[in-house]
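# A look at the structure
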Amino acid sequence: MKNTILTLILCAMYQVGIAQNYIPSIKNNTVLHYICKLHGQTRTLTLTTKIATDKLVLDLDTRGVKSSIVTTAEGLKNGNELSFNQGEYAPILNLKPTETFFMISQSAYQDLLKNKKFIYNNTTYVLDENTTTNKVDLEGKLLDTLHVVAQIDETEMWIVKNPTYPLICKITKNPLGINFTLVKIVEGEK
């Protein structure tokens, strides 16, 4: 009986350890499902990735609005602005070389790791190292994230620990009234 209980406890601890290290991979045709709170309304949003050497295309689908948001290679590498476009202005939206969509740039991610902060949209985001606030649950798995808080307002972001595609999996308290949470990932090509 003691061995059975000990085995169950060890299995539970192992599962928690695995869950804390879950970093979803972003590949071609990965489908990201979000719940968005937009100015008091709730809607679902799906992004499907199309990865090329010179850009990342996120095919957006929300409530009948379909659009392709194109982030340049320069934006992915060195962007410093987050686009909050909702896909309703053009079937294909090419972001400026300074912009990213639903993620921060690789250089901002490196700044966050090195300096415990980064600047985006002229706002400084500071790493919150409180491990209890770093948790984001995705279908029973805890994502391995970095939690940041804006210095000039109360905006909070949770960023997946992925140096290639530092995906924002959650935003709360955004003064623009646009908050979202990643609720499901269907991984693409292997």
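Definitions and cut-offs
- Residues numbered from 1 in each chain as written.
- Predicted model: local features only at pLDDT ≥ 70, side-chain atom pairs only at ≥ 80, totals over all residues.
- Heavy atoms only, no water.
- Helix = DSSP H or I, 4+ residues; strand = E, 2+ residues; numbered from the N terminus.
- Buried < 20%, exposed > 50% of the residue type's maximum accessible area, 1.4 Å probe, protein only.
- Contact = heavy atoms within 4.5 Å.
- Areas by Shrake-Rupley, 256 points an atom, 1.4 Å probe, with all protein chains shown as cover.
- Core = buried A, V, L, I, M, F, W, Y, C linked by side-chain atoms within 4.5 Å.
- Pairing = 2+ DSSP bridges.
- Axes fitted to C-alpha atoms, helices over the stretch in contact; angles between N-to-C directions.
- pLDDT = per-residue confidence, 0-100.

## Some words on the overall build of the chain
Across its full length, the chain holds three helices and 15 strands. Looking at the chain as a whole, 43% of its 190 residues qualify as buried. Considering only intrachain contacts with a sequence separation of at least 6, the fraction spanning at least 24 residues in the chain is 48%. In the form shown here, the chain has an accessible surface area of approximately 10,200 Å², with 55% of it arising from carbon and sulfur atoms.

## A look at the nonpolar core
Judged by nonpolar contacts, the single largest core of 45 residues is most densely connected at Tyr34, Leu47, Phe118 and Leu182. Beyond its immediate sequence surroundings of up to four residues, Phe118 is in contact with Ile104, Ala108, Asp111, Leu112, Thr123, Thr124, Tyr125, Val148, Met157 and Ile159.

## Observations concerning the sheet that holds strand E14 (residues 168–172)
Strand order in this open sheet of 11 strands is E6-E4-E3-E2-E1-E15-E14-E13-E12-E9-E8, and the pairing throughout is mixed. For this open sheet the edge positions go to strand E6 (92–94) and strand E8 (117–120), each flanked by a neighbour on one side alone. On average, each strand axis in the sheet is inclined to that of its neighbour by 25 degrees, with strand direction left out of account. The strands that helix H3 (residues 106–115) touches are E8, strand E9 (123–128), strand E12 (145–150) and strand E13 (156–160); relative to E8, the one it contacts most, it runs at about 150 degrees.

## Looking at the confidence of the model for the chain
As a note on interpretation, predicted positions should not be read in detail where pLDDT is low. Confidence in the prediction for the chain averages 87 pLDDT; 86% of positions are at 70 or higher. In this model residues 4–8 is a low-confidence stretch, pLDDT under 50, and it forms zero contacts with partners more than four residues away in sequence or in other chains.

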